[in-house]
Amino acid sequence: MKTRLASALLFLGFAAAAFASKEKPVIGLSLDTLKEERWQRDRDTFTAEAQKLGATVIVQSANSDDTRQVRDVESLISRGVDVLVIVPHNGEAMTRAVKSANDAKIPVIAYDRLIKNCAIDYYLSFDNVKVGEAQGSYAASRLPSDRKARLVRIYGAPTDNNAKMFKQGQDNILGPLIKAGKVEVLHEDWALDWKPENGKKIMNAAITKAGRTIDAVVVSNDGTAGGAIQALLEEGLAGKVLVTGQDADLAACQRIQRGTQAMTVYKPLKNLATLAARVAVDVAKGNKPAATSTLDNGVKKVPSIFEKVISVDRDNLMSTVVADGFHKAADLK
Ligand code: BGC
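These lines cover the structure that appears in this document, whether it is placed above or below. The residue numbering used here restarts from 1 in each chain and proceeds along that chain's sequence as written. At least 70 in pLDDT is required for a residue's local features to be given in this predicted model, at least 80 for side-chain atom pairs to be given and counted, and no such filter applies to totals for whole chains, interfaces and linings, which use all residues. Note that the side-chain values use all heavy atoms of the structure and ignore hydrogens as well as water.

Quick word on the pattern of salt bridges
Part 1 of the reasoning: A pairing counts as a salt bridge when a side-chain nitrogen of Lys or Arg comes within 4 Å of a carboxyl oxygen of Asp or Glu. All chains considered together, the criterion is met by 14 salt bridges.
Part 2 of the reasoning: For Lys285, the salt bridge goes to Glu23, with nearest N and O atoms at 4.0 Å. One end of the pair, Lys285, is in the loop between α10 (269-284) and β11 (293-296); the other, Glu23, is in the loop between α1 (2-19) and β1 (26-31), and 262 residues separate them in sequence.
Part 3 of the reasoning: Looking at Lys285, the relative accessible area reads 27%, which means it is partly exposed.
Part 4 of the reasoning: Only protein chains enter the area calculation, which uses a 1.4 Å probe; residues under 20% of their type maximum are buried, those over 50% are exposed, and those in between are partly exposed. Given the relative accessible area of 57%, Glu23 is considered exposed.
Part 5 of the reasoning: Among the ionic pairs, Lys52 bridges to Glu49, the shortest N-O distance being 3.3 Å. Of this pair, Lys52 and Glu49 are both found in helix α2 (residues 37-52), 3 residues apart, which corresponds to roughly one turn of the helix. The helix count covers DSSP runs of H or I at least four residues long, the strand count covers runs of E at least two residues long, and both are numbered beginning at the N terminus.

Following this line, the structure appears as structure tokens:
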């Protein structure tokens with residue numbers, strides 16, 4: 001049985017390799033997860049654009065499991081893809097798989113999240129420090145100034161380099177206020193795997209430790225903000241505490257309309273996914289598309305492109321997220 005499966009996979013691999021040509025490249029897209037709404041959009045937009053350009057996309061999703069994602073990438077390599085586009089679950093664990101791609105002379109593009117300490121060809125993302133700065137500034141400008149403000153901080157997955165960049169951006173704004181004694185951090189923690197239930201647990205722990213007087217919770221994304229808001233709801237505090245987020249998930253935009261979440265950071269995924277598909281096809285054809293920036297990943301300055309982000313609250317939800325066609329006004333009720 002195992003051998004039959006193996007030979008079927010081998011055949012598929014040869015088939016993909018046989019169809020691969022400069023005009024009709026095959027792209028391997030390896031995703032950490034498809035659980036959050038955003039990654040489904042990334043996949044769909046990327047695939048549609050790549051197909052428009054004559055490419056085929058083979059998509060794998062690893063369900064937040066490093067071993068599985070390394071295996072996914074290795075199987076894409078053995079199927080003979082022309083280029084790999086990877087959203088790593090863990091930007092350090094993925095190094096090994098990238099080395100196999102290097103050996104097979106398959107170019108690698110890190111999508112949204114950086115892969116560290118190996119030779120990747122491109123890094124395409126948003127300005128992730130700016131995401132954190134947008135969250136920090138939004139909260140900072142609305143904190144009470146007649147007393148020491150009381151803050152909770154919920155960071156993202158410690159395995160995701162982006163989570164560190166979001167924190168760095170938040171620190172750029174909140175750090176000086178904390179140092180000056182204007183803001184007190186009551187509780188802070190990292191939400192493993194960006195899971196909403198971990199956001200909820202951290203919020204519960206914060207309330208248990210610091211009580212109900214909390215001015216703001218700076219949360220790094222909408223999924224974990226949803227968890228934190230659930231904990232606040234159960235305490236009758238939702239809507240009374242400022243909560244930040246990121247991704248403009250539908251549920252988060254609805255919470256913004258209802259007033260239980262204050263803001264999100266809108267990242268126009270269409271721009272990033274379309275750009276990535278174009279770069280991937282170009283690279284597969286042996287070209288070197290121009291980058292606008294570089295980022296050091298530990299071994300090289302990786303040619304990079306960073307898309308802009310937009311801070312969104314109830315005042316500009318319609319003129320940004322809705323006007324852009326990201327969500328329909330009717331769905332935000
Ligand atoms: C992405 C965020 C996302 C988070 C969880 C981060 O790397 O940049 O947009 O919310 O991962 O999937």
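From this point, things continue past the structure.
Re the pairing of strand β4 (residues 108-111)
Part 1 of the reasoning: In β4, alternate side chains face the same way, and those of Val108 and Ala110 on one face and Ile109 and Tyr111 on the other are all buried.
Part 2 of the reasoning: At least two DSSP bridges between two strands are required for those strands to pair. As defined by bridge partners, strand β3 (residues 83-86) adjoins β4 across 3 bridges and the pair is classed as parallel. Within the sheet, the bridge partner assigned to Val85 lies in β4 and is Ile109.
Part 3 of the reasoning: The handedness of the β3 to β4 crossover, carried by helix α4 (residues 95-103), is right-handed. Handedness of a crossover: with both strands directed away from the viewer, a clockwise path from the first strand across the helix to the second marks it as right-handed.

Comments concerning the pairing of strand β7 (residues 183-190)
Here is the key point about a regular strand: its side chains alternate between the two faces of the sheet.
Part 1 of the reasoning: Pairing of strand β6 (residues 149-155) with β7 involves 7 bridges; the strand directions are parallel. Bridge pairing in β7 links Ile154 to Asp189.
Part 2 of the reasoning: Once you follow β6 into helix α6 (residues 161-179) and on to β7, the crossover reads as right-handed.

Considerations on the sheet that holds β3
Hydrogen bonds between backbone atoms are what pair the strands of a sheet, whose relative direction is either parallel or antiparallel.
Part 1 of the reasoning: Taken together, the 7 strands give an open sheet; going across it, the order is β2-β1-β3-β4-β5-β12-β11, and neighbouring strands pair in mixed fashion. The open sheet is flanked by β2 (56-61) and β11, the only strands paired with a single partner. Within the sheet, the average angular offset between the axes of one strand and its neighbour, ignoring direction, is 25 degrees.
Part 2 of the reasoning: With 6 bridges joining them, β1 and β2 adopt parallel strand pairing. Paired with Ser30 across the two strands is Gln60, which belongs to β2.
Part 3 of the reasoning: Whether two residues touch is decided by their heavy atoms; if any such pair falls within 4.5 Å, the residues are in contact. Here an axis means a line fitted to C-alpha atoms, over the contact stretch when the element is a helix, while the angle between two N-to-C directions is reported on a 0 to 180 degree scale. In the packing of α10 onto the sheet, the strands contacted are β1, β3, β4, β5 (122-126) and β12 (301-307), and the crossing angle to β5 comes to about 170 degrees.

Regarding helix α3 (residues 66-78)
Part 1 of the reasoning: The terminal C-alpha atoms of α3, which comprises 13 residues, lie 18 Å apart, in line with the 18 Å expected from a rise of 1.5 Å per residue.
Part 2 of the reasoning: The set of residues buried in α3 consists of Gln69, Val70, Asp72, Val73, Leu76 and Ile77. Along the axis of α3, the buried residues cluster in a sector spanning 155 degrees; they form a single face. Exposed side of α3, more than 90 degrees from the buried face: Thr67, Arg71 and Ser78 are the residues found there.
Part 3 of the reasoning: On the buried face of α3, the contacting elements are β1, β2, β3 and α4.
Part 4 of the reasoning: Here α3 starts with a cap whose side-chain oxygen sits 3.0 Å from the backbone nitrogen of Thr67, and that cap is Asp65.
Part 5 of the reasoning: Downstream of α3 by one or two residues, Gly80 has phi in the positive range, about 75 degrees. Take the residue count of a helix, subtract one, and multiply by 1.5 Å to get its expected span. Here the arc refers to the set of directions running from the helix axis out to each C-beta atom. Residues adjacent in sequence count toward polar contacts only when both atoms are side-chain atoms; beyond that, a polar contact is any pair of N or O atoms within 3.5 Å, and within protein one must be able to donate a hydrogen and the other to accept it.

So, to be careful, I would describe these as geometric facts and stop short of saying anything about function.
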